Amino acid sequence: MSDNEVAGHARSRMEGAFQPSPEMGPTPPSQIYGHFSDENPEMVQFVDADGNRLETNETNAPYAKIVEEMTSEDARIIYRDLVLVRRIDAEGFALQRQGELGLWPSLFGQEAAQVGAGRALREQDYAFPGYREHGVAWCRGVPPENLLGMFRGVNHGGWDSNENNFHLYTIVIGNQMLHATGYAMGIAADGDMATGDPDRDAAVMAFTGDGGTSQGDFNEALVFAAVKQSPVVFFVQNNQWAISQPNETQFIIPPYQRARGFGFPGVLVDGNDPLATYAVAKDALDKARSGQGPTLIEAYTYRMGAHTTSDDPSKYRSSAEVEIWKEKDPIKRMRGFMTERNHADEEFFAAVDAEADEIAVRVRKACQEMPDPEMATMFDHQYTDHHPLVAAEREEFLAYHAGFAEEGGQA
Amino acid sequence: MSGTRLSLAKGLNAGIRAAMDKDPKVVLMGEDVGTLGGVFRITEGLQKDFGEHRVVDTPLAESGIVGSAVGLALRGYRPVVEIQFDGFVYPAFDQIVSQVAKMHARSLGHLKLPMVIRIPCGGGIGAVEHHSESNEAYFAHTAGLRVVTCSNAADGYWMIQQAIASDDPVIFFEPKRRYHERGETEIDEGGTAELGLYESRVVREGTDATLLCYGPMVKTCLQAAEAAAEEGRNLEVVDLRTLSPLDLPTIMESVQKTRRAVIVHEAQTFVGLGAEIAARVQEECFYHLEAPVLRVGGYNLPYPPSRFEEEFLPTLDRVLDAVDRSLAH
Ligand SMILES: Cc1ncc(C[n+]2csc(CCOP(=O)(O)OP(=O)(O)O)c2C)c(N)n1
């Protein structure tokens, strides 16, 4: 495939899927602007692929102030997050390949989307993730080791969500969107919204992928949030693939435009531009906390790796497509921007790389040393209160195994 | 209102009201539960007294109702959601079995989901399809849920309060054809619950055989026992009340005394609650039994059009016929 063919590839997928006819009324904006390309003028961007600061335009103007107020320190925090999160993710992938984990869903390529969103959250906000939000978990202060248990098969999550206001991963796609909405309804009912107190007003952020937008629960969550004006921000990471299925299998009108139909704003943001994702997320969260209701953010990005370690993307997408997105890499972009603006020196970048090495070692060690659970604990925590069936089966289980121990002892 | 005779509907209403009075975190959610008071009027008057924030009329979306109630529970509320009819719980089935049932365990006990899902259940009201189903076995089969059902006003009054107070998620089945029948039991609102939420009750003592039943079938079985008494047969009737966990000690004690058991429920018998109970009785009462454990239930068909329902549902005669078969051994 030549470069020209590749450049047209993304758009032609769309055109094949949808042929507007005169009876269907006006052409949807996505057709005009080409949603499936990063030249969509509706997309909020602040830095180009090389890190050059783009000029203020009609689309990014509403968020420009947030970006201008960011300090060198803010930039360094975000850069460090991007690098460490990528490294943690790479370690997860390697651990799966070495048989330490059963599965790993990689976030490779989506670091800017997750870090921008994660850093925009305040301590009292709450995040409801899918299963790929390792970067958001990192920004919430969840130890990366916590994420491994589920993929190693020793638990189904197991961390205390209320310690960092980061809910357990959700595997059934879409379920968490409603949990987030209900939680946001609770924030409103508690009066922890629109008080003007920055330490009290809270919001919720709910994460899903482009495929997740097809789910009933996703759409029901949007309805509930809209009619209740709940303080929730729906954050769709459009990494363009739901396992093997491209965007046109999931929608004709892109998610950010669909929000309007539910009655609240939708924003398209360059998901590989950390300044843009941060600014857009912060703006939406500020609005939610101040009682202005929900926002849907579509972060347009790309999944660089396989869907999970069980997937083989060579069956459904071209490596040339991946090459194009390599050019838009969020870390390269952030580093270019920081260098140009003198936000950091080589020493800083080297120190971050060294820290990444240390974290990788720590995560690996924690994974390898993670003990297998005591088998009888599978009966624990099934109910909060006594349950005679569970109690009886636990006794049976223990007696059965005690029998083996006795046999062994006598032999 | 001490010592009042109320309908089951009014008993439930009074129970929910008492729970809301006691705990400001109790919130009701569902379709039409507010201004209308629910299609069966179980929540009548509650929105007027507790406000729109505690009695929430929701959009028409069952997964949305249950899924957002999960979020509210995570925020510290105790949501009590109403599913309008048994046949409409399926859109929420995913949230119930995938999320509600598993949240506490998968968080290793860090999270609690103290929520109640109220489902008007069963047939006998001449309704169109999807309005008469007995789907308790799906939920009883799901570990992590508790499943109970009431059969009279006093139990409705107490059990709903106990379910709301429980830190575990409870599926609460309400036999809709008993909602508005004149109450025969009294509610002592000043008193305390006679039984725990997960206890069964011997509602009629007898010696010749045990009828194990719950929900709408309790009344039918009591009528059958009265009819049998005229023929000189003395039947014991046990209202199970709790379907998961089963109160096995009460069941076993009764069957070991009478040596015969007939299980009666509206749901189809194939892989129904009766199958589980029969298996347990066989395991634990084998040497006490004089006859095989029998089941009387709906036929293994989708709930039929209402002109068939009198034949589809277990009737007094079908119950008595099963008793005859048991006693013939
Ligand atoms: C309800 C449900 N159906 C199917 C799956 C299996 N599955 C796991 S990930 C996935 C694709 C998800 O795509 P998308 O929402 O775009 O998110 P991404 O994985 O790209 O982040 C599917 C079909 C699932 N987890 N849940």
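In this text the structure is predicted, and so the values were computed from the model without any measurement. Numbers given for residues are sequential positions, taken from 1 along each chain in its written order. To read the labels, note that chains go from A and ligands from 1, taken in the order they are written. Local features in this predicted model are restricted to residues of pLDDT 70 or higher, and side-chain atom pairs are both shown and tallied only at a pLDDT of 80 or more, whereas totals for entire chains, interfaces and linings draw on every residue. Side-chain metrics rest on all non-hydrogen atoms present in the structure, leaving aside hydrogens and water.

Enquirer: Help me understand the pattern of salt bridges in this model?
Expert: Working definition: two side chains of opposite charge can pair if their charged atoms are close together. For this analysis, a salt bridge means a side-chain nitrogen from Lys or Arg found within 4 Å of a carboxyl oxygen belonging to Asp or Glu. Evaluated as defined, the whole model comprises 47 salt bridges over all chains. Across the salt bridge formed by Lys176 of chain B and Asp86 of chain B, the nearest N and O atoms sit 2.6 Å from each other. Pair noted here: Lys176 of chain B is in the loop between β7 (170-175) and β8 (186-187) and Asp86 of chain B is in the loop between β4 (78-82) and α4 (93-100), with a separation of 90 residues, a long-range link. Put simply, Glu181 of chain B and Lys219 of chain B hold a salt bridge, and the shortest N to O gap is 3.1 Å. A residue pair is termed long-range when its members are at least 10 positions apart, and Glu181 of chain B in the loop between β7 and β8 and Lys219 of chain B in helix α8 (residues 217-230) qualify at 38 residues. Its relative accessible area of 25% is what places Glu181 of chain B among the partly exposed residues. Look at the salt bridges and you will find they share partners, linking Arg122, Asp125, Lys282, Asp286 and Arg289 of chain A into a network. Helix and strand assignments follow DSSP, with helices taken as H or I runs no shorter than four residues and strands as E runs no shorter than two, numbered in order from the N terminus. Here's how the labels work: a residue is buried when its accessible area is under 20% of the maximum for its type, exposed when over 50%, partly exposed in between, all with a 1.4 Å probe on protein chains only.

Enquirer: Sorry, what's going on with the sheet that holds strand β11 (residues 235-239) of chain B here?
Expert: Adjacent strands of a sheet form backbone hydrogen bonds with each other and so pair up, either parallel or antiparallel. Residues and elements named next belong to chain B. Read from one edge to the other, the open sheet built from 5 strands follows the order β9-β11-β10-β13-β14, with strand pairing classed as mixed. Here the strands that pair on one side only, and so sit at the sheet edges, are β9 (201-204) and β14 (294-298). On average, adjacent strands in this sheet sit at an angle of 25° to one another, irrespective of strand direction. In this structure, strand β10 (residues 209-213) lies alongside β11, joined through 5 bridges in parallel fashion. Paired with Ala209 across the bridge in β11 is Leu235. Here, strands pair whenever DSSP counts at least two bridges between them. Lines fitted to C-alpha atoms define the axes here, with helix axes fitted over just the stretch in contact, and angles between the N-to-C directions of these axes take values from 0 to 180 degrees.

Enquirer: Honestly, the state of the cysteines in this entry has me stumped. Any pointers?
Expert: Covalently bonding the sulfur atom of one cysteine to the sulfur atom of another cysteine gives a disulfide. Residues and elements named next belong to chain B. A pair of sulfur atoms, both from cysteines and within 2.5 Å, is called a disulfide here. The final tally for this structure, using the stated rule, is 0 disulfides over all chains. Unpaired in this structure, Cys285 has its nearest cysteine sulfur neighbour in Cys213, at a distance of 17 Å. Residue classification places Cys285 among the buried residues on the basis of a relative accessible area of 0%.

Enquirer: I keep staring at the domain arrangement of chain A and nothing clicks. Help me out?
Expert: A common measure of how large an interface is: the accessible area buried when the components associate. Partitioning chain A into structural domains gives domain 1 (38-368) and domain 2 (378-410). How far each domain reaches was decided by an automatic or database domain assignment. One C-alpha centre belongs to domain 1 of chain A, the other to domain 2 of chain A; they are set 42 Å apart.

Enquirer: Can you walk me through the sheet that holds strand β12 (residues 242-244) of chain B in this structure?
Expert: All names here are of chain B. With respect to topology, 7 strands assemble into an open sheet ordered β3-β2-β4-β5-β7-β6-β12, the strand pairing being mixed. With one partner strand each, in any of the chains shown, β3 (55-57) and β12 form the two edges of the open sheet. With strand direction ignored, the average angle separating the axes of adjacent strands in the sheet is 20°. Direction of pairing for β4 relative to strand β5 (residues 116-121): parallel, over a ladder of 3 bridges.

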